[in-house]
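Structural characterization, general
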Amino acid sequence: NVAVLVVGDPFGATTHADLMLRAKKLGIPVEVIHNASIMNAVGCCGLSLYRYGETISIPFFTDGWRPDSFYDRLVTNKKAGLH
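Model, not experiment: these values are computed from the prediction. (Residues numbered from 1 in each chain as written. Predicted model: local features only at pLDDT ≥ 70, side-chain atom pairs only at ≥ 80, totals over all residues. Heavy atoms only, no water.)

**Quick word on the overall build of the protein**
The secondary structure content of the protein amounts to three helices and zero strands. Taking 83 residues into account, the globule formula puts the C-alpha radius of gyration at 12 Å, and the protein, at 17 Å, lies well above it. Considered along the principal axes of its C-alpha atoms, the protein spans approximately 55 × 30 × 15 Å. Residue burial in the protein is summarised as follows: out of 83 residues, 14% are buried. (Helix = DSSP H or I, 4+ residues; strand = E, 2+ residues; numbered from the N terminus. Rg over C-alpha atoms; globule rule 2.2 N^0.38 Å. Buried < 20%, exposed > 50% of the residue type's maximum accessible area, 1.4 Å probe, protein only.)

Below is the structure:
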């Protein structure tokens, strides 16, 4: 038995997806235990996270806190046609 343990999304890197596809093609059983994240759902669907631009977290605003640190990255991704 072999286990591959990764931090974060198991399909965030194309290498991990490739390993799974090769194992399945050879009839080797594969079990994936996902992290709880929308990024995992994207990777699990076969979509490449590299094609979505920089990952951005947009926090909930409060009456006294309205961060804007995400805005420049959002604009860059939008201009590149990634959102």
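**As for a nonpolar patch on the surface**
The grouping of V2, V4 and L19 at the surface amounts to a nonpolar patch, some 330 Å² of accessible area in total. Relative to the assigned elements, V4 resides in the segment before helix 1 (14-25). (Patch = residues over 30% accessible without salt bridge, like charges linked within 9 Å, V, L, I, M, F, W, Y side chains within 5 Å. Areas by Shrake-Rupley, 256 points an atom, 1.4 Å probe, with all protein chains shown as cover. Salt bridge = Lys/Arg side-chain N within 4 Å of Asp/Glu carboxyl O.)

**Examining the layout of surface pockets**
Roughly 790 Å³ of volume is contained in the largest pocket. If you trace the largest pocket, you find 21 residues lining it, with V2, A3, V4, V30 and E31 closest to the centre. Of the residues assigned to the lining of the largest pocket, the class counts are 15 nonpolar, five polar and one charged. (1 Å grid on protein atoms, 1.4 Å probe; cavity = no way out; pocket = protein on both sides within 12 Å on 5 of 7 lines; lining within 4 Å. Points joined across faces, edges and corners; volume = space filled by probe spheres on them. Nonpolar A, V, L, I, M, F, W, Y, C, P; charged D, E, K, R; others polar.)

**Focus: helix 1**
Under the 1.5 Å per step criterion, the end-to-end length of helix 1 is 16 Å for 12 residues, consistent within 8% with the ideal 16 Å. Just downstream of helix 1 lies G27, where phi reads positive at about 80°. (Expected span 1.5 Å × (residues − 1).)

**A closer look at the environment of S69**
Counting through the fold element by element, S69 comes out in the loop between helix 2 (38-44) and helix 3 (71-79). Sequence-wise, S69 and L21 are 48 residues apart; in three dimensions their C-alpha atoms are separated by 38 Å.

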